[in-house]
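Breakdown of the fold
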Amino acid sequence: MSKTQILLSGHGGQGVLLLGDYIAYSAMLDGKHVVYTPSYGPETRGGKARCYVVISDDEIDTPIPEVPDLMIIMNQPSMDFVPVLGKGGLLLYNSSLIDGQPERNDIEKVPVPATEIADSFGKELGTEILGDTGDTRFVANSVMFGAYLGTPAGQSARKYLGEILKHFLAGKKAGLLELNRLAVERGIAHMSAAAATKR
């Protein structure tokens, strides 16, 4: 049986729960069994937010993984969860907002400067899509989704990217579809470059 247990965490306003939605929906489109469980404190923006996604070829018996295989961490306080990542697990972390690397040598650690990457193409599309602000840091979660699609766990769902974004970015949000697509592609490209440096 193939099963992937994922924990995602960051602060409210970073789109952590939407990132979990992206991952869960991509797995559903890929024909997998999926359980998505959000969890957050009373604060919406600024408070700690996390969610769990379990993906399996077979039926899932528990929605909350005790020992995650994959962890996506978006901010420094959420690094508190890293000790529960299973031995040999994969950690994707937003190195734009996290200093240093976790002190574990039994896991794979991939820094993804998600906020920095999202901010970098604000000059390319920001004023065109967002008006005068040009602030595109809010799509850091989409950059991280691209990083996830660049992992073995997410690679087979990459072909559904267009369908995923259209599902979540419909109606009034449709104008942000192209920006988010670019963000995801930058995340995928980052993972490809990171893998190339290891060879």
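One structure accompanies this document, and this report is about it. (Residues numbered from 1 in each chain as written. Predicted model: local features only at pLDDT ≥ 70, side-chain atom pairs only at ≥ 80, totals over all residues. Heavy atoms only, no water.)

1. Digging into the nonpolar core
Grouped together as the largest cluster of nonpolar side chains are 44 residues, with contacts concentrated most on Leu8, Ile23, Ile72, Met144, Phe145 and Tyr148. Other than its neighbours up to four places away in sequence, Ile72 contacts Leu7, Leu8, Ser9, Leu19, Ile23, Leu92, Met144 and Tyr148. Membership of the second largest hydrophobic core comes to twelve residues, among which are Tyr52, Phe81, Leu91 and Tyr93. (Core = buried A, V, L, I, M, F, W, Y, C linked by side-chain atoms within 4.5 Å. Buried < 20%, exposed > 50% of the residue type's maximum accessible area, 1.4 Å probe, protein only. Contact = heavy atoms within 4.5 Å.)

2. Focus on the pairing of strand S3 (residues 48–56)
With seven of nine residues buried, S3 is to be regarded as a mostly interior element. Sheet analysis places strand S1 (residues 3–11) next to S3, joined by nine bridges and oriented antiparallel. Of the residues in S3, the one forming a bridge with His11 is Lys48. (Helix = DSSP H or I, 4+ residues; strand = E, 2+ residues; numbered from the N terminus. Pairing = 2+ DSSP bridges.)

3. Quick word on the packing of aromatic side chains
A complete count under the given rule lists four aromatic pairs for this structure. Measuring from ring centre to ring centre gives 5.5 Å for Tyr25 and Phe168, while their planes differ by 85°; the resulting arrangement is edge-to-face. Residue Tyr25 is located in helix H1 (residues 16–29), and its partner Phe168 is located in helix H5 (residues 161–168); the two are separated by 143 residues in the primary sequence. Like Tyr25, the residue Phe168 is buried in the burial classification. Aromatic ring contacts, followed pair by pair, group Tyr22, Tyr25, Phe145, Tyr148 and Phe168 into a single cluster. (Phe/Tyr/Trp six-rings, centres within 6.5 Å; stacked < 30°, edge-to-face > 60°.)

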